[in-house]
Amino acid sequence: MLEDTTLASRERYMALVACANETPEDFWAKQARRINWFRQPQTILAWDTQQHARWYIDGEMNICHAALDHHVAEGRGDQVALYWDSPVTDSKRQYTYRELRDDVARLAGVLRDLGVEKGDRVIIYMPMVPEAMMAMLACARLGAVHSVVFGGFSPKELAVRIDDAAPKVIMAASCGVEIDRVIPYKPWLDEAIELAGHTPEACLVLQRDQQLATLGPRDHDWQACLQDAQATEAVSMLGSEPLYILYTSGTTGKPKGVVRDHAGYAVALHYSMEILYGVRPGDIFMAASDIGWVVGHSYIVYGPLLIGATAVMYEGKPVKTPDAGAFWRLIEEYRISCFFSAPTAFRAIKKEDPEASLIGGRDISSLRSLFLAGERLDPPTYHWLNDLLPVPIVDHWWQTETGWPVAGNLLGLDMLEDAQTLPHVPVPARAGSATWPLPGFNVQILDGMGDQVAAGEQGNVVIQQPLPPGCLTGLYQDAARFQSAYLAAYPGYYLTGDGGYLDEDGYLFVMGRIDDVINVAGHRLSTGEMEQVLGAHPAIAECAVIGIEDSLKGEMPLGLVIIKDDWTGDEKVLRQMLRERVRDSIGAIASLKDVLIVERLPKTRSGKILRKMIRQIAAGEQYQVPSTIDDPSSLEDVREALSDAGIGRAEQARCANE
Ligand code: COA
Ligand code: AMP
């Protein structure tokens, strides 16, 4: 049952939901008026040939202009736009809106001198330095399509993205800096270009003191180019034109290139900064993520700038740089009011400092809210944070494809209302839930037949079309995959790939993926891709990779392999070699917890490996053996291998139809 104050909030919320669902064009026309346009859109909503919603297609704007020039023109030029804090290099910097605009305008001039034009793709392979943010904004300014590749990915993964995006230019740094080592970005970039079929015309390389790169014939020194560059104005972009491609893991080895536009994205981010995060111009906002992920795109770079807030960019970790008090130090030092991170980061802090003693005498009174996403906020971590901090702890759910949060506890509902009304009271959180869907996202739970399930019952989480502005406009040059992965399952709905339920009060509980995607320390990875790497080893006959529960990282990948009969060798050495192979091939973030050797894997008679059942056995859950199973005794092999390795809770797993 909801209390009276919550009912009042619910009523206010339902009014917005009704408006967004029943008259989406009016609703989103109103939101569009809150950002800066060169030419207001006449067409608010249009449908593409796949019956997917497109927004503001004839409006004209430029997200870089709306994020920087507009604020300078409105008198915000001397406000700090960006604080950069890098404990791993012992450096700090800050930029006002005017400085950031000027640096970005000159960097856009450098790109233009290198031949980059509207529509050209530019890959950005950089660590968490201000120049990475400038690179994104400079591309946007020119109308070039940026594609940021996370620095933790291997040269092979970078090569796959180079071939798909076919960039004219790649922007990179000489190195990244992790807790205990320097990561050689430029040598990895060279290796990736060697591996790729496509070759960029030029690479712009930022030299960092920690490791200078050797520059070859196609390389240009970032700083030297900037010295000669002329500032460039922002080009006008139609609402339908792309801003970026961001690759994310799907169920196959090939990543999906999520495409997003300028205008819809800008409107949606501005809306979310207000209605969800409750952030006002001048507030200090920090998202502790990486620009290589969607969180970085939306809430390190574009979101805070669009609203006129100050962003804090952090090149460090929640722990060990230097200790588990890093986040508290940042909040105190920059007077952060809204902080965003992944649950795994707080599990790491809790592990090292269970009493949070490192908050010590720090003044963290500026903090108004803490947002968590990237994976489900597990109830123990929620309770730990809720007991510790006197601010709302908000679990909010979204994905690379949606670009901004689908559900969360709205902290700024009143900021959208025209009249001065009573302040909105956030509703009580329910541990394990991302609260309510945001107005604009019509979330429903469907069963396998496409029927809505009752409250409290689990099913597929889907979003009814029209998806709001800011969501993906498609997959880069792959309309067929966009259709089959997201639109085909339930015509008129977008399939999120997550399973979950809505309770009787409309709270959304997202329980996990329904496909072969896993979430390791907030990083989204494909088990199919890891299987490809394992399966390519000459000793391996068959394999499966599943995600198993991990108290720190949420999930960890585990490999199960069948060795070929004629293979002779040391099994321990092979297991280690396979683990290294996955790390080398995908990146250090894809470290297998273990590789177990089994005699058989459970399969259907048609040869499909029953991965869900292996997952259930590892988790100690009840499982249903399908009548189509080829060899039921294979389940015992898996159970035994897991138990022997002391992994999961296999002994507790029970067969439902025994
Ligand atoms: N460039 C190069 N290597 C990177 C990297 C990057 N940008 N990011 C991570 N790696 C490497 C790490 O050095 C590590 O290598 P190692 O196994 O040789 O030590 C490996 O990838 C795994 O890194 P990570 O998953 O980050 O684990 P960790 O044990 O170093 O740290 C946490 C654990 C929880 C502290 C860390 O994962 C974290 O801060 N997570 C939050 C993630 C996040 O913000 N996600 C975004 C979603 S909102
Ligand atoms: P990514 O595209 O990398 O942002 O990963 C998106 C996926 O992470 C989602 O589809 C979910 O499976 C998971 N996820 C992210 N945030 C949450 C959350 N708050 N609750 C549950 N799952 C989440």
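Definitions and limits used
Residues numbered from 1 in each chain as written. Chains lettered and ligands numbered in written order. Predicted model: local features only at pLDDT ≥ 70, side-chain atom pairs only at ≥ 80, totals over all residues. Heavy atoms only, no water. Core = buried A, V, L, I, M, F, W, Y, C linked by side-chain atoms within 4.5 Å. Buried < 20%, exposed > 50% of the residue type's maximum accessible area, 1.4 Å probe, protein only. Helix = DSSP H or I, 4+ residues; strand = E, 2+ residues; numbered from the N terminus. Contact = heavy atoms within 4.5 Å. Near = heavy atom within 4 Å. Polar contact = N/O pair within 3.5 Å; in protein donor to acceptor, adjacent residues only side chain to side chain. Nonpolar A, V, L, I, M, F, W, Y, C, P; charged D, E, K, R; others polar. Pairing = 2+ DSSP bridges. Axes fitted to C-alpha atoms, helices over the stretch in contact; angles between N-to-C directions. Salt bridge = Lys/Arg side-chain N within 4 Å of Asp/Glu carboxyl O. Parallel < 35°, antiparallel > 145°, perpendicular 65-115°, else oblique. Left-handed = near helix turned anticlockwise from the far one by under 90°.

Caption draft 1: Fine view of the nonpolar core. Ranked by internal contacts, the top residues of the largest apolar core, which has 130 residues, are Leu107, Met171, Tyr277, Tyr299, Tyr302, Phe340 and Trp404. Tallying contributions element by element places helix α5 (residues 130-142) first for this core, with 10 residues. If we skip the residues at most four places from it in the chain, Leu107 touches Met134, Ala135, Ala138, Met171, Leu204, Trp222 and Leu226. By size, the runner-up hydrophobic cluster in this structure holds 47 residues, among which are Tyr125, Cys203, Val205 and Val561.

Caption draft 2: Expanded view of the site of ligand 2. Taken together, 15 residues form the shell around ligand 2, and within it Asp395, Thr400, Asp498, Arg513 and Arg524 come nearest. Interatomic distance of 2.7 Å between a side-chain N/O atom of Asp395 and a nitrogen atom of ligand 2. Between an oxygen atom of ligand 2 and a side-chain N or O atom of Asn519, the distance comes to 3.1 Å. Of the residues assigned to the shell around ligand 2, the class counts are 4 nonpolar, 5 polar and 6 charged.

Caption draft 3: Summary view of helix α11 (residues 326-334). When you tally the buried positions in α11, you get 7 out of 9 residues, the bulk of the element. All of the buried residues in α11 are Ala326, Phe327, Trp328, Arg329, Leu330, Ile331 and Tyr334. Looking one or two places after α11, you find Arg335, whose phi comes out positive at around 55°.

Caption draft 4: Summary view of the sheet that holds strand β24 (residues 459-464). Taking strand neighbours across the sheet as the criterion, the 4 strands line up as β23-β24-β26-β27 in an open arrangement whose pairing is antiparallel. Where the open sheet ends on each side, the last strands, each with one partner, are β23 (442-446) and β27 (508-513). Strand-to-strand twist in this sheet, taken as the mean axis angle between neighbours without regard to direction, amounts to 50°. The pairing of β24 with strand β26 (residues 493-502) spans 5 bridges and is classified as antiparallel. Bridge pairing in β26 links Ile463 to Tyr494.

Caption draft 5: Just the sheet that holds strand β16 (residues 284-287), in detail. An order of β5-β4-β17-β16-β18-β19-β20 is seen for the 7 strands of this open sheet, with the pairing classed as mixed. Here the strands that pair on one side only, and so sit at the sheet edges, are β5 (91-96) and β20 (393-395). Direction aside, the axes of adjacent strands within the sheet are offset by 15° on average. Both strand β19 (residues 369-372) and β20 contribute to a ladder of 3 bridges, which runs parallel. If you follow Leu372 over to β20, its bridge partner there is Asp395.

Caption draft 6: Examining the pattern of salt bridges more closely. The final tally for this structure, using the stated rule, is 37 salt bridges. With a shortest N-O distance of 3.3 Å, Asp180 and Arg181 are connected by a salt bridge. The closest approach of N and O atoms between Arg575 and Asp594, which form a salt bridge, is 3.1 Å. Remark: Asp594 occurs in strand β32 (residues 594-597) and Arg575 occurs in helix α16 (residues 571-586); sequence separation between them is 19 residues. What emerges from the salt-bridge pattern is a single network uniting Asp85, Lys92, Arg329 and Glu333.

Caption draft 7: Highlighting the packing of helix α17 (residues 611-618) against helix α18 (residues 634-644). At their nearest, the axes of α17 and α18 sit 10 Å apart, and the two run at 40° to each other. Between α17 and α18, the angle is such that the two are oblique. For the crossing formed where α17 meets α18, the hand is right-handed. Each of Met613, Ile614, Ile617 and Ala618 in α17 lies in contact with α18, whose residues at this interface are Leu635, Val638, Arg639 and Leu642. Considering only residue class, the contact of α17 with α18 consists of 7 nonpolar, no polar and 1 charged.

Caption draft 8: Highlighting the packing of helix α4 (residues 97-113) against α5. One can describe the packing of α4 onto α5 by two numbers: an axis separation of 8 Å at closest approach and a directional angle of 65°. Between α4 and α5, the angle is such that the two are roughly perpendicular. Judged by the twist between their axes, the crossing of α4 over α5 is right-handed. Here Leu100, Arg101, Asp103, Val104, Ala105, Leu107, Ala108, Leu111 and Arg112 of α4 come into contact with α5, specifically with Met133, Met134, Ala135, Leu137, Ala138, Cys139, Arg141 and Leu142.

Spatial relationships are all this shows, so hold off on functional conclusions.
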